[in-house]
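# Architecture and fold: a report
The lines below spell out each chain.
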Amino acid sequence: MEPAPHAAELVLGTAQLGLAYGAANRTGQPSERTAELLLRSAVRAGVKWVDTAAAYGTSEHRIGTALPGSKGVRIVTKLAPLDDIEETAPIATVRQAVANSIHASCARLGLDRIEVLLLHRARHLTSHGGAIWQRIKEFRDEGVLYDLGVSVYTPEEALTALADSNVRHLQLPFNALDWRWRDSGVIDALTKRPNVTVHARSALLQGLLASGEANWPHIDGVDPAELKSTLRTLTRDLGRDSPADLCFAYVRGQSWIDGVVVGMETLSQLALNLALFKRPALTPGEIAAVDAALPRANEQLLNPALWVKAA
(Lines give C-alpha, C1' and ligand atoms only; values in the text may rest on other atoms or scores of the structure.)
Protein backbone atom coordinates (compact mmCIF):
# COMPACT_ATOMS: atom_id res chain seq x y z
CA MET A 1 0.00 0.00 0.00
CA GLU A 2 1.30 3.44 -0.89
CA PRO A 3 1.94 5.87 1.98
CA ALA A 4 -0.52 8.73 2.52
CA PRO A 5 0.34 11.33 -0.08
CA HIS A 6 1.59 14.82 0.55
CA ALA A 7 -1.29 17.27 0.15
CA ALA A 8 -0.68 20.91 -0.76
CA GLU A 9 -3.03 23.32 1.01
CA LEU A 10 -5.65 25.66 -0.39
CA VAL A 11 -4.50 29.22 -1.08
CA LEU A 12 -7.33 31.70 -1.62
CA GLY A 13 -6.74 33.57 -4.87
CA THR A 14 -8.33 37.02 -4.86
CA ALA A 15 -7.91 38.44 -8.37
CA GLN A 16 -11.65 37.84 -8.81
CA LEU A 17 -12.39 39.90 -5.71
CA GLY A 18 -10.81 42.99 -7.19
CA LEU A 19 -11.52 42.51 -10.89
CA ALA A 20 -13.92 40.73 -13.24
CA TYR A 21 -11.17 38.19 -13.87
CA GLY A 22 -10.75 34.75 -15.43
CA ALA A 23 -11.88 32.89 -18.53
CA ALA A 24 -14.30 30.80 -16.45
CA ASN A 25 -15.76 33.73 -14.49
CA ARG A 26 -19.50 33.90 -15.20
CA THR A 27 -20.58 36.15 -12.31
CA GLY A 28 -18.23 39.12 -12.58
CA GLN A 29 -16.64 40.92 -9.65
CA PRO A 30 -18.50 40.16 -6.41
CA SER A 31 -19.97 42.89 -4.23
CA GLU A 32 -17.91 44.24 -1.37
CA ARG A 33 -20.16 42.42 1.08
CA THR A 34 -19.77 39.10 -0.72
CA ALA A 35 -16.00 39.55 -0.88
CA GLU A 36 -15.92 40.26 2.85
CA LEU A 37 -17.99 37.17 3.65
CA LEU A 38 -15.87 35.00 1.37
CA LEU A 39 -12.60 36.14 2.93
CA ARG A 40 -13.82 35.77 6.51
CA SER A 41 -15.46 32.42 5.80
CA ALA A 42 -12.26 31.10 4.24
CA VAL A 43 -10.17 32.06 7.25
CA ARG A 44 -12.73 30.59 9.66
CA ALA A 45 -12.58 27.36 7.66
CA GLY A 46 -8.83 27.14 8.15
CA VAL A 47 -7.41 28.72 4.97
CA LYS A 48 -4.01 30.06 6.00
CA TRP A 49 -2.83 31.79 2.81
CA VAL A 50 -4.42 34.59 0.77
CA ASP A 51 -2.89 35.59 -2.56
CA THR A 52 -3.31 39.07 -4.03
CA ALA A 53 -1.44 41.76 -5.98
CA ALA A 54 -1.21 45.51 -6.35
CA ALA A 55 -2.52 45.01 -9.89
CA TYR A 56 -5.69 43.17 -8.80
CA GLY A 57 -7.95 46.21 -8.72
CA THR A 58 -9.59 46.59 -5.29
CA SER A 59 -8.42 43.18 -4.03
CA GLU A 60 -5.86 44.42 -1.49
CA HIS A 61 -8.28 47.01 -0.13
CA ARG A 62 -11.02 44.41 0.28
CA ILE A 63 -8.65 42.07 2.12
CA GLY A 64 -7.59 44.88 4.43
CA THR A 65 -11.22 45.72 5.18
CA ALA A 66 -12.36 42.13 5.74
CA LEU A 67 -9.28 40.91 7.61
CA PRO A 68 -7.93 43.85 9.60
CA GLY A 69 -4.44 43.04 10.77
CA SER A 70 -4.66 39.77 8.81
CA LYS A 71 -4.49 37.76 12.03
CA GLY A 72 -4.49 34.02 11.45
CA VAL A 73 -3.71 34.27 7.75
CA ARG A 74 -0.60 34.90 5.66
CA ILE A 75 -0.87 37.43 2.84
CA VAL A 76 1.10 37.08 -0.38
CA THR A 77 0.99 40.17 -2.55
CA LYS A 78 2.87 41.29 -5.63
CA LEU A 79 4.74 44.42 -6.56
CA ALA A 80 2.99 46.66 -9.08
CA PRO A 81 3.95 45.66 -12.64
CA LEU A 82 5.70 49.04 -13.12
CA ASP A 83 5.04 48.82 -16.85
CA ASP A 84 5.26 52.60 -17.16
CA ILE A 85 8.83 52.72 -15.82
CA GLU A 86 11.21 52.68 -18.78
CA GLU A 87 14.34 50.56 -18.64
CA THR A 88 16.38 53.75 -18.98
CA ALA A 89 14.55 55.60 -16.17
CA PRO A 90 16.76 57.24 -13.53
CA ILE A 91 17.58 54.96 -10.62
CA ALA A 92 15.92 57.39 -8.21
CA THR A 93 12.68 57.14 -10.21
CA VAL A 94 12.82 53.34 -10.15
CA ARG A 95 13.47 53.21 -6.42
CA GLN A 96 10.63 55.62 -5.72
CA ALA A 97 8.21 53.56 -7.83
CA VAL A 98 9.08 50.45 -5.81
CA ALA A 99 8.63 52.32 -2.54
CA ASN A 100 5.30 53.77 -3.69
CA SER A 101 4.00 50.29 -4.59
CA ILE A 102 5.04 48.73 -1.27
CA HIS A 103 3.71 51.60 0.84
CA ALA A 104 0.41 51.56 -1.06
CA SER A 105 0.04 47.79 -0.57
CA CYS A 106 0.69 48.15 3.16
CA ALA A 107 -1.90 50.92 3.40
CA ARG A 108 -4.56 49.01 1.47
CA LEU A 109 -3.93 45.80 3.41
CA GLY A 110 -3.80 47.67 6.72
CA LEU A 111 -0.42 46.18 7.56
CA ASP A 112 2.89 47.53 8.80
CA ARG A 113 4.67 44.47 7.45
CA ILE A 114 3.98 42.29 4.42
CA GLU A 115 4.45 38.54 4.92
CA VAL A 116 5.46 37.76 1.32
CA LEU A 117 6.11 40.14 -1.57
CA LEU A 118 6.52 38.69 -5.03
CA LEU A 119 7.77 40.31 -8.19
CA HIS A 120 4.80 40.34 -10.57
CA ARG A 121 7.26 40.54 -13.47
CA ALA A 122 10.10 38.02 -13.22
CA ARG A 123 12.29 40.25 -15.38
CA HIS A 124 12.44 42.72 -12.49
CA LEU A 125 15.03 40.48 -10.86
CA THR A 126 17.60 41.97 -13.21
CA SER A 127 15.92 44.82 -15.11
CA HIS A 128 16.70 48.51 -14.51
CA GLY A 129 20.24 47.61 -13.57
CA GLY A 130 18.96 45.52 -10.69
CA ALA A 131 17.50 48.59 -8.95
CA ILE A 132 14.01 47.15 -8.42
CA TRP A 133 15.22 43.98 -6.73
CA GLN A 134 17.83 45.89 -4.72
CA ARG A 135 15.20 48.27 -3.33
CA ILE A 136 12.94 45.37 -2.41
CA LYS A 137 15.77 43.68 -0.54
CA GLU A 138 16.35 46.90 1.37
CA PHE A 139 12.69 46.93 2.44
CA ARG A 140 13.12 43.34 3.65
CA ASP A 141 16.24 44.27 5.60
CA GLU A 142 14.31 47.18 7.15
CA GLY A 143 11.62 44.74 8.34
CA VAL A 144 8.80 45.97 6.08
CA LEU A 145 8.84 42.70 4.15
CA TYR A 146 9.42 39.22 5.54
CA ASP A 147 9.91 36.86 2.58
CA LEU A 148 10.64 37.72 -1.04
CA GLY A 149 9.72 35.79 -4.15
CA VAL A 150 8.80 35.79 -7.80
CA SER A 151 5.70 35.01 -9.81
CA VAL A 152 6.91 33.18 -12.90
CA TYR A 153 5.36 31.98 -16.14
CA THR A 154 8.10 29.82 -17.63
CA PRO A 155 10.66 27.29 -16.40
CA GLU A 156 13.43 29.62 -17.53
CA GLU A 157 12.12 32.34 -15.22
CA ALA A 158 11.82 29.83 -12.38
CA LEU A 159 15.40 28.63 -12.75
CA THR A 160 16.68 32.21 -12.78
CA ALA A 161 14.69 32.96 -9.63
CA LEU A 162 15.89 29.84 -7.83
CA ALA A 163 19.50 30.78 -8.54
CA ASP A 164 19.04 33.81 -6.25
CA SER A 165 19.26 32.88 -2.57
CA ASN A 166 17.04 35.84 -1.65
CA VAL A 167 14.09 34.15 -3.38
CA ARG A 168 12.15 32.13 -0.81
CA HIS A 169 8.75 31.97 -2.47
CA LEU A 170 7.84 30.91 -6.00
CA GLN A 171 4.46 31.05 -7.69
CA LEU A 172 3.99 29.29 -11.01
CA PRO A 173 1.28 27.86 -13.27
CA PHE A 174 0.88 24.08 -13.05
CA ASN A 175 -1.77 21.52 -13.95
CA ALA A 176 -2.11 17.89 -14.98
CA LEU A 177 -1.16 18.69 -18.58
CA ASP A 178 1.95 20.66 -17.72
CA TRP A 179 5.15 18.68 -18.24
CA ARG A 180 7.49 21.68 -18.52
CA TRP A 181 8.60 21.98 -14.90
CA ARG A 182 9.76 18.37 -14.72
CA ASP A 183 11.52 18.29 -18.09
CA SER A 184 13.30 21.62 -17.58
CA GLY A 185 14.88 20.68 -14.26
CA VAL A 186 12.84 23.08 -12.11
CA ILE A 187 11.64 20.32 -9.80
CA ASP A 188 15.20 19.06 -9.39
CA ALA A 189 16.37 22.62 -8.64
CA LEU A 190 13.71 22.93 -5.95
CA THR A 191 15.06 19.88 -4.12
CA LYS A 192 18.24 21.92 -3.57
CA ARG A 193 16.22 24.87 -2.19
CA PRO A 194 14.07 23.28 0.55
CA ASN A 195 13.47 26.70 2.12
CA VAL A 196 11.50 27.88 -0.94
CA THR A 197 7.70 27.78 -0.63
CA VAL A 198 5.98 26.91 -3.93
CA HIS A 199 2.42 27.93 -4.74
CA ALA A 200 0.88 26.66 -7.96
CA ARG A 201 -1.83 28.55 -9.82
CA SER A 202 -3.95 27.53 -12.82
CA ALA A 203 -4.57 23.98 -11.55
CA LEU A 204 -7.68 23.90 -13.76
CA LEU A 205 -6.02 25.85 -16.61
CA GLN A 206 -8.20 28.89 -15.90
CA GLY A 207 -11.20 26.61 -15.51
CA LEU A 208 -10.93 24.82 -18.84
CA LEU A 209 -10.13 21.41 -17.38
CA ALA A 210 -13.39 21.49 -15.42
CA SER A 211 -15.57 23.00 -18.18
CA GLY A 212 -17.30 21.68 -21.29
CA GLU A 213 -15.62 21.36 -24.67
CA ALA A 214 -17.53 24.38 -26.03
CA ASN A 215 -15.58 26.74 -23.76
CA TRP A 216 -12.19 25.76 -25.15
CA PRO A 217 -10.27 28.08 -27.48
CA HIS A 218 -9.27 26.76 -30.89
CA ILE A 219 -5.67 25.55 -30.68
CA ASP A 220 -4.00 23.54 -33.41
CA GLY A 221 -3.29 19.96 -32.38
CA VAL A 222 -5.67 20.01 -29.42
CA ASP A 223 -8.88 17.95 -29.47
CA PRO A 224 -10.93 19.17 -26.48
CA ALA A 225 -13.48 16.35 -26.80
CA GLU A 226 -10.79 13.67 -26.66
CA LEU A 227 -9.00 15.36 -23.78
CA LYS A 228 -12.20 15.76 -21.78
CA SER A 229 -13.07 12.12 -22.43
CA THR A 230 -9.70 11.05 -21.03
CA LEU A 231 -10.23 13.23 -17.96
CA ARG A 232 -13.67 11.70 -17.38
CA THR A 233 -12.21 8.20 -17.66
CA LEU A 234 -9.43 9.01 -15.19
CA THR A 235 -11.97 10.59 -12.84
CA ARG A 236 -13.98 7.37 -12.84
CA ASP A 237 -11.03 4.98 -12.66
CA LEU A 238 -9.37 6.83 -9.78
CA GLY A 239 -12.59 7.25 -7.81
CA ARG A 240 -12.70 11.03 -7.91
CA ASP A 241 -15.86 13.14 -7.63
CA SER A 242 -15.30 15.21 -10.78
CA PRO A 243 -12.61 16.29 -13.24
CA ALA A 244 -12.03 19.31 -10.99
CA ASP A 245 -11.45 16.99 -8.02
CA LEU A 246 -9.05 14.93 -10.14
CA CYS A 247 -7.08 17.96 -11.30
CA PHE A 248 -6.82 19.51 -7.86
CA ALA A 249 -5.83 16.16 -6.32
CA TYR A 250 -3.13 15.77 -8.99
CA VAL A 251 -1.54 19.12 -8.18
CA ARG A 252 -1.99 18.69 -4.42
CA GLY A 253 -0.16 15.36 -4.60
CA GLN A 254 3.03 16.86 -6.05
CA SER A 255 5.69 16.67 -3.35
CA TRP A 256 7.31 19.92 -4.52
CA ILE A 257 4.15 22.04 -4.27
CA ASP A 258 3.12 23.55 -0.93
CA GLY A 259 -0.07 25.39 -1.87
CA VAL A 260 -2.58 25.64 -4.69
CA VAL A 261 -3.93 29.10 -5.52
CA VAL A 262 -7.62 28.87 -6.37
CA GLY A 263 -9.58 31.93 -7.37
CA MET A 264 -13.25 32.14 -6.49
CA GLU A 265 -15.91 34.80 -6.47
CA THR A 266 -18.88 33.18 -4.69
CA LEU A 267 -19.50 31.53 -1.34
CA SER A 268 -20.73 28.39 -3.08
CA GLN A 269 -17.42 28.09 -4.93
CA LEU A 270 -15.58 28.47 -1.63
CA ALA A 271 -17.67 25.71 -0.05
CA LEU A 272 -17.02 23.38 -2.99
CA ASN A 273 -13.28 24.05 -3.03
CA LEU A 274 -13.00 23.56 0.73
CA ALA A 275 -14.71 20.19 0.33
CA LEU A 276 -12.43 19.16 -2.55
CA PHE A 277 -9.32 20.05 -0.56
CA LYS A 278 -10.45 17.81 2.30
CA ARG A 279 -10.31 14.82 -0.04
CA PRO A 280 -7.09 12.80 -0.36
CA ALA A 281 -4.48 13.97 -2.83
CA LEU A 282 -3.43 11.54 -5.55
CA THR A 283 -0.75 9.04 -4.60
CA PRO A 284 2.50 8.87 -6.59
CA GLY A 285 1.15 5.81 -8.40
CA GLU A 286 -2.07 7.60 -9.31
CA ILE A 287 -0.10 10.63 -10.50
CA ALA A 288 1.94 8.32 -12.72
CA ALA A 289 -1.28 6.88 -14.16
CA VAL A 290 -2.54 10.38 -15.00
CA ASP A 291 0.80 11.27 -16.61
CA ALA A 292 0.65 8.14 -18.75
CA ALA A 293 -2.92 8.77 -19.91
CA LEU A 294 -2.86 12.48 -20.72
CA PRO A 295 -1.24 13.88 -23.88
CA ARG A 296 1.85 16.07 -23.91
CA ALA A 297 0.19 19.46 -24.27
CA ASN A 298 1.72 22.08 -26.52
CA GLU A 299 3.01 25.43 -25.28
CA GLN A 300 0.09 27.36 -26.73
CA LEU A 301 -2.38 25.43 -24.59
CA LEU A 302 -0.24 25.66 -21.46
CA ASN A 303 0.15 29.44 -21.70
CA PRO A 304 -3.25 31.19 -21.35
CA ALA A 305 -1.74 34.44 -22.60
CA LEU A 306 -1.43 32.75 -26.00
CA TRP A 307 -4.79 31.02 -26.24
CA VAL A 308 -6.78 33.92 -24.84
CA LYS A 309 -5.54 36.03 -27.73
CA ALA A 310 -6.27 33.24 -30.19
CA ALA A 311 -9.77 32.52 -28.85
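## Some points on the overall build of the chain
For the chain, the count of helices and strands is 14 helices and 8 strands. Compactness check: the chain gives a C-alpha radius of gyration of 19 Å against a globular reference of 19 Å for 311 residues, within 12% of the reference. By principal-axis analysis of the C-alpha atoms, the chain measures approximately 55 × 40 × 40 Å. Taken over 311 residues, the chain has a buried fraction of 53%. Of the roughly 13,600 Å² of accessible surface on the chain, 53% is carried by carbon and sulfur atoms. Looking at the chain, you have 32 positive and 34 negative side-chain charges, and the mean spots of the two groups are 5 Å apart.

## Here's the deal with the environment of Asp83
On the secondary structure map, Asp83 appears in the loop between strand E3 (74-78) and helix H4 (91-109). Asp83 gets classed as exposed once you look at its relative accessible area, which sits at 52%. Through-space distance from the C-alpha of Asp83 to that of Arg121 is 9.2 Å; in sequence the pair is 38 residues apart. Every residue in contact with Asp83, bar those within four places of it in the chain, is listed here: Arg121 and Arg123. Side-chain polar atoms of Asp83 contact the side chain of Arg123, separated by 3.4 Å.

## What to know about the packing of helix H10 (residues 243-252) against helix H11 (residues 267-278)
Packed helices, taken two at a time, are described by the angle their axes make and the gap between the axes. Two elements in contact, H10 and H11, have axes separated by 10 Å at closest approach and are oriented at 55 degrees. Comparing their axes, H11 and H10 come out oblique. H10 and H11 meet at a crossing whose hand is right-handed. Listed contacts from H11 to Ala244, Asp245, Phe248 and Arg252 of H10 are Asn273, Leu276 and Phe277.

## Some points on the side chain of Arg135
Within the fold, Arg135 resides in helix H5 (residues 131-141). Each residue touching Arg135, except ones within four places of it in the same chain, is listed here: Arg95, Val98 and Glu142.

## Points about the packing of aromatic side chains
The tally for this structure, following the rule as stated, stands at 3 aromatic pairs. Considering the side-chain rings of Phe174 and Trp256, the 5.1 Å spacing of their centres and the 75 degrees angle between planes classify their relative orientation as edge-to-face. With Phe174 in the loop between strand E6 (167-173) and helix H7 (180-183) and Trp256 in the loop between H10 and strand E8 (259-263), the pair connects residues that are 82 residues apart, well separated along the chain. Across this residue pair, the class does not change: Phe174 and Trp256 are buried. Measuring from ring centre to ring centre gives 5.3 Å for Phe248 and Phe277, while their planes differ by 55 degrees; the resulting arrangement is tilted. Residue Phe248 is located in helix H10, and its partner Phe277 is located in helix H11; the two are separated by 29 residues in the primary sequence. Note on accessibility: Phe248 and Phe277 belong to one class, buried. These aromatic residues form a ring-pair network of at least three members: Phe174, Tyr250 and Trp256. The ring of Tyr153 carries Arg201 above its face, with NZ or CZ at 4.6 Å from the centroid. Geometry around Trp179 places Arg296 over its ring, the cationic atom sitting 3.8 Å from the centre.

## Topic: the sheet that holds strand E7 (residues 197-201)
The strand order E1-E2-E3-E4-E5-E6-E7-E8 describes a closed barrel built from 8 strands, whose pairing is parallel. Taken over all neighbouring pairs, the strand axes of this sheet differ in orientation by 30 degrees on average, direction set aside. Sheet topology note: the E7/E8 ladder contains 2 bridges and is parallel. Residue pairing in the sheet places His199 in a bridge with Gly259 of E8. Contacting strand E4 (114-119), strand E5 (145-151) and E6, H5 crosses the sheet at an angle of about 150 degrees to E5.

## Side note on the side chain of Asp51
Here Asp51 shows up in strand E2 (residues 49-51). The exposure class of Asp51 is buried, given its relative accessible area of 2%. There is a polar contact of 2.9 Å between the side chain of Asp51 and the side chain of Lys78. For Asp51, the contacting residues outside a window of four places in its chain are Val11, Leu12, Gly13, Thr14, Tyr56, Val76, Lys78, Gln171 and Val261.

Procedures and definitions
- Position numbers for residues count from 1 along each chain, tracking the sequence in the order it is written.
- For this predicted model, a pLDDT threshold of at least 70 governs which residues receive local features, and a threshold of 80 or more governs which side-chain atom pairs are given and counted, while totals over whole chains, interfaces and linings are taken from all residues.
- Excluded from the side-chain calculation are hydrogens and water; included are all heavy atoms of the structure.
- Secondary structure elements follow DSSP: runs of H or I no shorter than four residues count as helices, runs of E no shorter than two count as strands, and numbering proceeds from the N terminus.
- Values of the radius of gyration come from C-alpha atoms, whereas the globule rule sets the reference at 2.2 Å times the count of residues to the power 0.38.
- Categorising residues by exposure relies on relative accessible area from a 1.4 Å probe, with only protein chains included: less than 20% of the type maximum marks a residue as buried, more than 50% marks it as exposed, and the intermediate range marks it as partly exposed.
- We get accessible surface area from the Shrake-Rupley algorithm with a probe of 1.4 Å; when it comes to residues, only the shown protein chains can shield them.
- Counting rule for charge: Lys and Arg are taken as positive, Asp and Glu as negative, and neither His nor the chain ends is counted.
- Note on charges: their place is set at NZ of Lys, CZ of Arg, CG of Asp or CD of Glu.
- Any two residues whose heavy atoms approach within 4.5 Å are treated as being in contact.
- Nitrogen and oxygen atoms within 3.5 Å of one another constitute a polar contact, given that in protein one can donate a hydrogen and the other can accept it, and given that sequence-neighbouring residues count only through two side-chain atoms.
- A fitted line through C-alpha atoms serves as each axis, taken over the contacting stretch for helices, and the angle formed by two N-to-C directions is quoted from 0 to 180°.
- Angles are sorted into four bins: roughly parallel if under 35 degrees, roughly antiparallel if over 145, roughly perpendicular if 65 to 115, and oblique for all others.
- Take the far helix as the reference: if the near one is turned anticlockwise from it by less than a right angle, the crossing is left-handed, and if turned clockwise, right-handed.
- Working definition: rings of Phe, Tyr and Trp (its six-membered ring) pair if their centres are within 6.5 Å, and the pair is stacked with planes under 30 degrees apart, edge-to-face with planes over 60 apart, and tilted otherwise.
- Our definition puts a charge over a ring when NZ of Lys or CZ of Arg is within 6 Å of the ring centre and also within 35 degrees of the ring normal.
- A pair of strands is considered paired only if DSSP assigns at least 2 bridges between the two.

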